[in-house]
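# Examination of the molecular architecture
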Amino acid sequence: MSFRTNPLENNPARKERTMKKIAVDQLCVEVTRRCNMSCMHCMRGEAQNVDMDFETFEKMMDVTESINIITFTGGEPSLNVPLMKKALDYVKEKEIPVYSIYIATNGKQMTNDFVECYLLWVGYCSCFDYGNEYTNISLSKDAFHEDIPHENKEWIKRLPYYSSQKETDFKKYPVFLIGRAADNKSYFKENGYRVYQKENFYDAPFESFENTFYFEELYLSSDGNILPVCDFAFKDTEKLSIGSVQDIQKFLDDLDAAKEDGYLTSKGGKNNGEKPDH
């Protein structure tokens, strides 16, 4: 397991302590399950009228040592800007280093508040050595996302650290059959799209040093579940969960008990990853 940035380097919050904490290379924060599009290939499945409340994020941060990349996801993340702003205020208050930020948006709702929030996060990440090394904001653009106003496209492309990585040609790259994409499997196959039957990894490997547990990737769902993967359907949240911020002490205790094994297993058990679907 390797981290892009040393999660302990220049961390003003790290002091002599006995409290257990976690450090994450990439933490995905599901700020909402709402969406203003209905793309037929969406892994999440049907949108839900659910937003993450601040207390959920707060509980996660209270046991977080550092984050190399924080990803705000959904749903459509631009629909819950207030949570992203409060999240920034709280990591500043707790002096938690966050080295980079990543947001992928469909660009349909480009507001001053959303842009300002992104720029404030970029500013915070720049306070640290290697800050913004992996920062990106991307526009999800492909054959299945609905078109958006030209001015929205131009606005997002002028933002610092814009990346075209989410502009995808699904004739070249596979569609993963999760969520709504699974429901439309026959369409993709009949129209020449390469599809993969994606089966999520259920093991959550980690390393431990003193009182800190290190993860390459964690996902915090809007309802407070902690998952070891970011690509999944909303309906599978409980199956993939390895813990919850609603009982964060149990999560830490489970990590402590699993130190020798070096992994936690989610409620759904293990499987073999992803495989082609022919």
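Residues numbered from 1 in each chain as written. Predicted model: local features only at pLDDT ≥ 70, side-chain atom pairs only at ≥ 80, totals over all residues. Heavy atoms only, no water.

### Examining helix α3 (residues 112-125)
Our working definition: Each helix is a run of DSSP H or I of at least 4 residues and each strand a run of E of at least 2, with the numbering of both proceeding from the N terminus. Multiplying one less than the number of residues by 1.5 Å gives the expected span of a helix. Only protein chains enter the accessibility calculation, which uses a 1.4 Å probe; a residue whose area is less than 20% of its type maximum is buried, one above 50% is exposed, and one in between is partly exposed. Here, two residues are considered to be in contact whenever any of their heavy atoms come within 4.5 Å of each other.
Helix length check: α3, at 14 residues, gives a terminal C-alpha distance of 20 Å against a target of 20 Å (1.5 Å per residue), a fit within 8%. For α3, the set of buried residues is Phe114, Val115, Cys117, Tyr118, Trp121, Val122, Tyr124 and Cys125. In this fold, the buried residues of α3 make contact with β2 (64-73), α2 (81-94), β3 (98-105), β4 (136-139) and α4 (150-157).

### Notes on the pattern of salt bridges
For clarity, the threshold we go by: Whenever Lys or Arg places a side-chain nitrogen within 4 Å of a carboxyl oxygen from Asp or Glu, that contact is recorded as a salt bridge.
Inspection of every chain in the model, using the stated rule, returns 13 salt bridges. Taking the shortest distance from any N to any O, the salt bridge between Glu116 and Lys85 comes out at 3.2 Å. Remark: Lys85 occurs in helix α2 and Glu116 occurs in helix α3; sequence separation between them is 31 residues. In this structure Lys85 comes out as partly exposed when scored by relative accessible area, which is 26%. Residue Asp236 pairs with Lys235 through a salt bridge whose shortest N-O separation is 3.3 Å. Taking the relative accessible area as the measure of exposure, Lys235 reaches 70% and is therefore exposed. Salt bridges linked by common partners bring Lys85, Asp113 and Glu116 together as one network.

### A word on the side chain of Thr32
Test applied: Polar contacts here mean pairs of N or O atoms no more than 3.5 Å apart (in protein, one a potential hydrogen donor and the other a potential acceptor; neighbouring residues in sequence count only if both atoms are side-chain atoms).
Relative to the assigned elements, Thr32 resides in the loop between β1 (21-30) and α1 (54-61). Look at Thr32 and you get buried, because its relative accessible area is 0%. Of note is the side chain of Thr32, whose polar atom sits 3.1 Å from the backbone oxygen of Val50. In this structure the side chain of Thr32 is engaged in a polar contact, spanning 2.5 Å, whose partner is the side chain of Asp51.

### A word on the packing of aromatic side chains
Which entries qualify depends on this criterion: In this scheme Phe, Tyr and Trp rings, the latter by its six-membered ring, pair at centre separations within 6.5 Å, and the angle between planes marks the pair as stacked below 30 degrees, edge-to-face above 60, and tilted otherwise. Consider the ring centre and the ring normal. A charge sits over the ring if Lys NZ or Arg CZ is within 6 Å of that centre and within 35 degrees of that normal.
All told, the structure shown has 16 aromatic pairs when counted by the stated rule. Their ring planes at 85° and their centres at 6.4 Å tell us that Trp121 and Tyr124 sit as a pair that is edge-to-face. With Trp121 and Tyr124 both in helix α3 and three residues apart, this pair spans about one turn of that helix. Judged by relative accessible area, Trp121 falls into the buried class, the value being 0%. Ring-pair connections join several aromatic residues into one group, and the members of that group are Phe72, Tyr99, Trp121, Tyr124 and Phe128. The ring of Tyr193 has Lys171 lying over it, and the distance from NZ or CZ to the ring centre is 4.1 Å.

### Considering α2
With 14 residues, α2 should reach 20 Å at 1.5 Å per residue; the first-to-last C-alpha distance of 20 Å fits that figure. Taken together, the buried positions of α2 are occupied by Val81, Leu83, Met84, Ala87, Leu88, Tyr90 and Val91. The inward-facing, buried residues of α2 contact α1, β2, β3 and α3. In the segment just after α2, Glu95 is the residue with positive phi, at about 55°.

### Thoughts on the pairing of β3
Selection rule: A pair of strands is considered paired only if DSSP assigns at least 2 bridges between the two. Viewed with both strands pointing away, a crossover whose connecting path from the first strand over the helix to the second turns clockwise is right-handed.
Most of β3 sits out of view: eight of its eight residues are buried. Pairing of β2 with β3 involves five bridges; the strand directions are parallel. Pairing of Ile67 across the sheet is with Val98, part of β3. In terms of handedness, the path from β2 via α2 over to β3 forms a crossover that is right-handed. With four bridges joining them, β3 and β4 adopt parallel strand pairing. Within the sheet, the bridge partner assigned to Ile103 lies in β4 and is Ile137.

### Side note on the pairing of β2
Most of β2 is tucked away: ten of the ten residues are buried. With eight bridges connecting them, β1 and β2 associate as parallel partners. Bridge pairing in β2 places Val24 opposite Ile67.

### Focus: the packing of α1 against α2
Test applied: Axes, fitted as lines to C-alpha atoms, cover a helix only where it is in contact. Angles between the N-to-C directions of the axes lie from 0 to 180 degrees. Angular relationships are summarised with four words: roughly parallel below 35 degrees, roughly antiparallel beyond 145, roughly perpendicular across 65 to 115, and oblique for the angles in between. A crossing counts as left-handed when the near helix is turned anticlockwise from the far one by less than a right angle, and as right-handed when that turn is clockwise. Here the nonpolar group is Ala, Val, Leu, Ile, Met, Phe, Trp, Tyr, Cys and Pro; Asp, Glu, Lys and Arg are the charged ones; every other residue, Gly included, is treated as polar.
In contact at an axis separation of 10 Å, α1 and α2 are set at 30° when each is read in the N-to-C sense. As the angle between them shows, α1 and α2 are arranged roughly parallel. Of the two elements, α1 crosses α2, and the hand of that crossing is right-handed. The segment α1 lies against α2, with Phe54, Phe57, Glu58 and Met61 engaging Leu83, Lys86, Ala87, Tyr90 and Val91. Residue composition of the contact of α1 with α2, grouped by class: seven nonpolar, no polar and two charged.

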